[in-house]
Amino acid sequence: MAAKVFTQNPICSPSLNIRDKTPQQKHNLGHLSLSKITSKRLVVSSSIMSPPIPSSPLALPSSSSLSSSQVIPPSRAPAATLPLSRVWREIQGSNNWENLIDPLSPILQQEITRYGNLLSASYKGFDLNPNSKRYLNCKYGKKNLLKESGIHDPDGYQVTKYIYATPDINLNPIKNEPNRARWIGYVAVSSDESVKRLGRRDIVVTFRGTVTNHEWLANLKSSLTPARLDPHNPRPDVKVESGFLGLYTSGESESKFGLESCREQLLSEISRLMNKHKGEEMSITLAGHSMGSSLAHLLAYDIAELGMNQRSDEKAVPVTVFSFAGPRVGNLGFKKRCEELGVKVLRITNINDPITKLPGFLFNENFRSLGGVYELPWSCSCYTHVGVELTLDFFDVQNISCVHDLETYINLVNRPRCSKSAVNEDNFGGEFLNRTSEMMFGKGRRRALHLTNAATNAAYLLCSISNHMLYYNIF
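Residues numbered from 1 in each chain as written. Predicted model: local features only at pLDDT ≥ 70, side-chain atom pairs only at ≥ 80, totals over all residues. Heavy atoms only, no water.

1. A word on the overall build of the protein
Short version of the rule: In this description a helix means any DSSP run of H or I spanning at least four residues, a strand means any run of E spanning at least two, and both kinds are numbered starting from the N terminus. The classification of residues rests on relative accessible area computed with a 1.4 Å probe and restricted to protein chains. Under 20% of the type maximum is buried, over 50% is exposed, and intermediate values are partly exposed. In what follows, a contact means two residues having at least one pair of non-hydrogen atoms within 4.5 Å. The protein chains shown are the only cover counted for residues, whose accessible areas, like all others here, come from Shrake-Rupley with a 1.4 Å probe.
Secondary structure summary: the protein contains twelve helices and 18 strands in total. Across the 475 residues in the protein, those meeting the buried criterion constitute 50%. Considering only residue pairs separated by 6 or more positions, the protein has 71% of its internal contacts joining residues 24 or more positions apart. Counting only carbon and sulfur atoms, one obtains 52% of the accessible surface of the protein, whose full area is about 22,500 Å².

Shown next as structure tokens:
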């Protein structure tokens, strides 16, 4: 399945431009500007970092307007005119988001934002104060988490369980201290009232990203290892990153009354909720940011591989991952198996975010074959992204960490129209450089420039991360 790419470009324009060798067609969307270029890469222009473009061969052509009926024909984007309760399966990816990304469906945009906000509660509720009694746990009780986190409709979902993960990392082998579980997210289910609006009973699981030092070190364990989550069929060809797998499957085994693994907690609660709401239309939605996205991938694969979402006399319960700034999780075998099982993944990424290019910065899905025909010997050992990609494009030299920040991702997806904010010269320069390189250099040198750019961003981000860790006394 070819990935679709939806890129938010720092050039601001209030209308739709389609750039190709064919004559131009233009549509007025009022708040988003989409450009389809010859490489089939979808570019979305919006308000952030949006300098005016001077008249030059590199400037985008001016735009004009057509009637709204020409913007999103009903036959191409049914979700744009129907309520969510009628099209929720398409929004959850039943058709791999066909015709919902180009242009971005308003309902899909709304749902990405909604799940992003639910996910943000996993950060806002996490207690990082070492002097607090709730250190490394959630600050709030399950009944108040969503309200205290500022969720717009806290009554839409009921939090049923908190989830904890135990990194299989020992920072002090001399003392041999037992690993301690950290709160990493929660399970929630849609309320009876929201079921009418959503069209089904929605089980949501959210996972925050990396925060503690143990989690950072777990992320560095980037070797591929067989997942072996189905005891009846280990499937040794399905491999995932060992650090993510360890975080998912490790528990507080050294303590008699220690917590179960993250996996056991999740499968038990999801099974309970599915039995409780048996006979209803249901969906399982997993939302994760950064490392949390990896756990969401693993849980989705686990549920589908074990057949937990299968029903004897009904359609299978859809399992969908909304991944924000997620890294690669597994190899080609993992990707193919997820597709066979019907797991749907929508990856929201930033083109300047180095985390989304890891692991497998060099050996990945782009280096598996020769000329797109012959599989190379190491193809089974290459990391590969799963699912459909919706790519943003933002960077702020004064705040490097924003390239990976969840709230920035949500704001960019949800930005309604062009802003009158000050010109960001650094981003204008970056766009100018990109367009100049397309004209002056071949593909090889242009790719080298992009790799250098990504490496520079990675270095900046690591500096920002180290400052963040020192601030919270993580080391």
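2. Brief notes about the environment of Ser 149
Looking at where Ser 149 falls in the secondary structure, it is placed in the loop between helix H3 (145-148) and strand E6 (157-165). Residue Ser 149 is classed as buried on the basis of its relative accessible area of 4%. When the C-alpha positions of Ser 149 and Gly 125 are compared, they lie 6.8 Å apart, and in sequence the two are 24 residues distant. Apart from the residues lying within four places of it in its own chain, the contact partners of Ser 149 are Ala 121 and Lys 124.

3. Here's the deal with the sheet that holds strand E7 (residues 182-190)
Spelled out, the test is: Strand pairing follows a simple DSSP-based rule, namely that at least 2 bridges must link the two strands. Fitted lines through C-alpha atoms give the axes, limited to the stretch in contact for helices. The angle between two N-to-C directions lies from 0 to 180 degrees.
Here we have seven strands laid out as an open sheet, ordered E6-E7-E8-E11-E12-E14-E18, and mixed in their pairing. The sheet is open, and its two edges are formed by E6 and strand E18 (388-392), each paired on a single side. Taking the axes of each pair of neighbouring strands and ignoring which way they run, one obtains an average angle of 15° across the sheet. The sheet contact formed by strand E8 (residues 201-207) and strand E11 (residues 282-289) spans seven bridges and is parallel. Each residue of the ladder has a partner; that of Val 205, found in E11, is Leu 286. Packing against the sheet, helix H2 (residues 106-124) makes contact with E6, E7, E8, E11, strand E12 (319-324), strand E14 (344-350) and E18, and its axis sits at approximately 50° to E8. Here helix H7 (residues 262-276) sits on the sheet in contact with E6, E7, E8 and E11, set at roughly 160° to E6.

4. Section: the packing of aromatic side chains
Our working rule: Two aromatic rings from Phe, Tyr or Trp, using only the six-membered ring of Trp, form a pair when their centres are within 6.5 Å; if the ring planes differ by under 30 degrees the pair is stacked, by over 60 it is edge-to-face, and anything between is tilted.
Evaluated as defined, the whole model comprises five aromatic pairs. With centroids separated by 5.0 Å and ring planes inclined at 25°, the aromatic side chains of Tyr 115 and Phe 322 adopt a geometry described as stacked. Taken as a pair, Tyr 115 in helix H2 and Phe 322 in strand E12 lie far apart in primary sequence, 207 residues in all. According to the relative accessible area criterion, Tyr 115 is buried, its value standing at 0%. On the basis of an interplanar angle of 85° and a centroid distance of 5.5 Å, the ring pair of Phe 394 and Tyr 409 is categorised as edge-to-face. Taken as a pair, Phe 394 in the loop between E18 and helix H10 (406-414) and Tyr 409 in helix H10 lie far apart in primary sequence, 15 residues in all. Since its relative accessible area comes to 0%, Tyr 409 is described here as buried. Here the aromatic residues Phe 126, Tyr 162 and Trp 183 are joined through ring pairs into a cluster of three or more.

5. A look at helix H9 (residues 332-340)
Test applied: For this analysis, a polar contact is any N or O atom pair within 3.5 Å, provided that within protein one partner can donate a hydrogen and the other can accept it, and provided that sequence-adjacent residues contribute only side-chain to side-chain pairs.
Those residues of H9 that sit buried are Leu 332, Gly 333, Phe 334, Lys 335, Arg 337 and Cys 338. Contact partners of the buried residues in H9: strand E10 (239-241), helix H8 (291-305), strand E13 (330-331) and strand E17 (383-384). For H9, the N-terminal capping position is held by Asn 331, with its side-chain oxygen 3.3 Å away from the main-chain nitrogen of Gly 333.

6. Concerning the side chain of Asn 352
In this fold, Asn 352 is placed in the loop between E14 and strand E15 (369-370). At 2.9 Å, the side chain of Asn 352 and the side chain of Asp 393 are in polar contact.

7. So, the pattern of salt bridges
Short version of the rule: A pair is scored as a salt bridge if a Lys or Arg side-chain nitrogen falls within 4 Å of a carboxyl oxygen belonging to Asp or Glu.
Using the criterion set out here, one finds twelve salt bridges in the structure. For Arg 89, the salt bridge identified is with Glu 281, shortest N-O distance 3.0 Å. Here Arg 89, found in helix H1 (residues 84-91), pairs with Glu 281, found in the loop between H7 and E11; they are 192 residues apart in sequence, far enough to count as distant. Where Arg 263 meets Asp 302, a salt bridge forms, and the shortest distance between an N and an O atom there is 2.6 Å. Pair noted here: Arg 263 is in helix H7 and Asp 302 is in helix H8, with a separation of 39 residues, a long-range link. Here Arg 263 and Asp 302 have matching classes, each one buried. Salt bridges sharing partners connect three or more residues here, namely Arg 235, Glu 305, Arg 337 and Glu 340.

8. What about the packing of H2 against H10?
The condition is simple: Each angle is binned into one of four classes, with values under 35 degrees roughly parallel, values over 145 roughly antiparallel, values of 65 to 115 roughly perpendicular, and all other values oblique. Helix crossings get a hand from a simple test, with the near helix turned counterclockwise from the far one by less than a right angle marking a left-handed crossing and a clockwise turn marking a right-handed one.
For the pair H2 and H10, the least separation of the axes is 10 Å and the interaxial angle reads 165°. Classified by the angle their axes make, H2 and H10 are roughly antiparallel. The chirality of how H2 crosses H10 is left-handed. Residue-level inspection shows Gln 109, Ile 112, Thr 113, Gly 116, Asn 117, Leu 119, Ser 120, Tyr 123 and Lys 124 of H2 in contact with H10, the latter providing Leu 406, Glu 407, Ile 410, Val 413 and Asn 414.

9. A short note on the pairing of E8
Of all seven residues in E8, seven are buried, a share of seventy percent or more. What you see with E8 is no split at all: Arg 201, Ile 203, Val 205 and Phe 207 on one side and Asp 202, Val 204 and Thr 206 on the other are buried throughout. Where E7 meets E8, five bridges bridge the pair, whose relative direction is antiparallel. In the strand pairing of E8, Gly 185 is matched with Phe 207.

10. Looking at the nonpolar core
Filter applied, for reference: As used in this record, nonpolar core signifies buried Ala, Val, Leu, Ile, Met, Phe, Trp, Tyr and Cys residues forming a set joined through side-chain atoms within 4.5 Å.
Counting 51 residues, the largest nonpolar core has Leu 108, Ile 112, Tyr 186, Leu 346 and Ile 348 as its most contacted members. Counting residues per element, this core draws most heavily on H2, at seven residues. Those residues in contact with Ile 348, other than ones at most four positions away along the chain, are Ile 112, Ser 323, Phe 324, Ala 325, Leu 390, Leu 392, Tyr 409 and Val 413. Formed by 44 residues, the second largest nonpolar core is a distinct cluster that contains Ala 165, Ala 227, Leu 266 and Leu 295.

11. Some details on the confidence of the model for the protein
As a reminder of what qualifies: pLDDT: the predictor's confidence for each residue, scored from 0 to 100.
With 63% of its residues at a pLDDT of at least 70, the protein reaches an overall mean of 74. Note that pLDDT drops below 50 for residues 463-475; the model gives that stretch eleven contacts with residues more than four away or on any other chain.

12. Quick look at H10
Within an α-helix, residues lying three or four positions from one another point in the same direction, as the helix has 3.6 residues per turn. Of all the residues in H10, the buried ones are Leu 406, Thr 408, Tyr 409, Ile 410, Leu 412 and Val 413. Taking the backbone nitrogen of Glu 407 as reference, a side-chain oxygen 3.3 Å away marks Asp 405 as the first, capping residue of H10.

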